[in-house]
Amino acid sequence: MVEKRRIGIIGGTFNPIHLGHLMIAEVACESFNLEKVIFVPARIPPHKQHDVIDSRHRYAMAAAAVADNPNFEISDIEMRREGPSYTVDTIQHFKIIYGPNVEFYFIAGTDTIRALPTWKFIEELLDEVHFIGATRPDGTSVIDATLDELGPKAHEKIHVMEVPEMKLSATYLRDRLRSGKTVRYMLPKCVVDYIAENHIYGKE
Ligand code: ATP
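Residues numbered from 1 in each chain as written. Predicted model: local features only at pLDDT ≥ 70, side-chain atom pairs only at ≥ 80, totals over all residues. Heavy atoms only, no water.

### Concerning the packing of helix α2 (residues 55–66) against helix α9 (residues 189–198)
- Packing of α2 against α9 leaves a shortest axis separation of 9 Å and a crossing angle of 150°. With respect to α9, the axis of α2 lies roughly antiparallel. As for the relative orientation of α2 and α9, their crossing is right-handed in sense. Residues Arg56, His57, Ala60, Met61, Ala64 and Ala65 of α2 form the contact with α9, whose participating residues are Cys190, Val191, Tyr194, Ile195 and Asn198.
- Tallied by class, residues from the contact of α2 with α9 come to eight nonpolar, two polar and one charged. (Axes fitted to C-alpha atoms, helices over the stretch in contact; angles between N-to-C directions. Helix = DSSP H or I, 4+ residues; strand = E, 2+ residues; numbered from the N terminus. Parallel < 35°, antiparallel > 145°, perpendicular 65-115°, else oblique. Left-handed = near helix turned anticlockwise from the far one by under 90°. Contact = heavy atoms within 4.5 Å. Nonpolar A, V, L, I, M, F, W, Y, C, P; charged D, E, K, R; others polar.)

### Some thoughts on the site of the ligand
- Lys48, Asp111, Thr112, Ala170 and Thr171 are the nearest of the 20 residues found near the ligand.
- Take Met166: an N or O atom from its main chain is 3.1 Å from a nitrogen atom of the ligand.
- One of the backbone nitrogen or oxygen atoms of Leu168 is found 2.9 Å away from a nitrogen atom of the ligand.
- For the ligand, whose accessible area on its own is 600 Å², the fraction buried by protein is 93%. (Near = heavy atom within 4 Å. Polar contact = N/O pair within 3.5 Å; in protein donor to acceptor, adjacent residues only side chain to side chain. Areas by Shrake-Rupley, 256 points an atom, 1.4 Å probe, with all protein chains shown as cover.)

### A short note on the pattern of salt bridges
- The full count for this structure, using the stated rule, is 11 salt bridges.
- For the salt bridge of Lys189 with Asp193, the shortest nitrogen-to-oxygen distance reads 2.8 Å. Within this pair, Lys189 and its partner Asp193 are both found in helix α9, separated by four residues, close to a single helical turn.
- Residue Lys189 is classed as exposed on the basis of its relative accessible area of 61%.
- Each of Asp51, Arg174 and Arg178 takes part in salt bridges that share partners, so that together they form one network. (Salt bridge = Lys/Arg side-chain N within 4 Å of Asp/Glu carboxyl O. Buried < 20%, exposed > 50% of the residue type's maximum accessible area, 1.4 Å probe, protein only.)

Written out as structure tokens, the structure is:
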């Protein structure tokens, strides 16, 4: 039987994109033999509405951050869709684009994996994609209870990926930016420059 192509997808708010996101995408690409990873910024994240800047800026920063990696791509599919950005709709879109000979791997942090039972059409989603859960130093790395809650399909389709854990989150970086602290080496330089040029996440 011919091996299917494997494509990674990393969805998120990317408010802003940081080295944690880029690192887990890169490690997933290598560890799971992914042909490429597509970054999909959410226009309206269903689970995060507080303190989210305009999607135009979040998309532009993500586009700049992935530009120098030939294994990375960006998609504006969730930018173009009305209403909350549900992953189940995004996967349907990619399935149509890429056809049946592709397996999709959705890359996330283990905090996101733990929230999967609350996702729209998670049962159907588990039929369509694998999930890769990158460990995070926030006490969420053990996901056994989530796997049990979601059942046998989850045990088969959700994979934990050990990464060099980074205590970076967009929330932490927004706080640093607002208090005028350095974010150098935590964000790609192009993102630091974009934030300065566009006066976003400024001191309050
Ligand atoms: P926020 O702090 O605003 O909630 P975040 O940094 O967690 O944001 P998202 O844009 O929601 O970022 O993240 C997209 C995906 O990347 C999520 O699945 C999240 O779990 C994962 N992720 C973010 N930062 C890390 C990190 N440092 N290590 C592993 N996974 C991460």
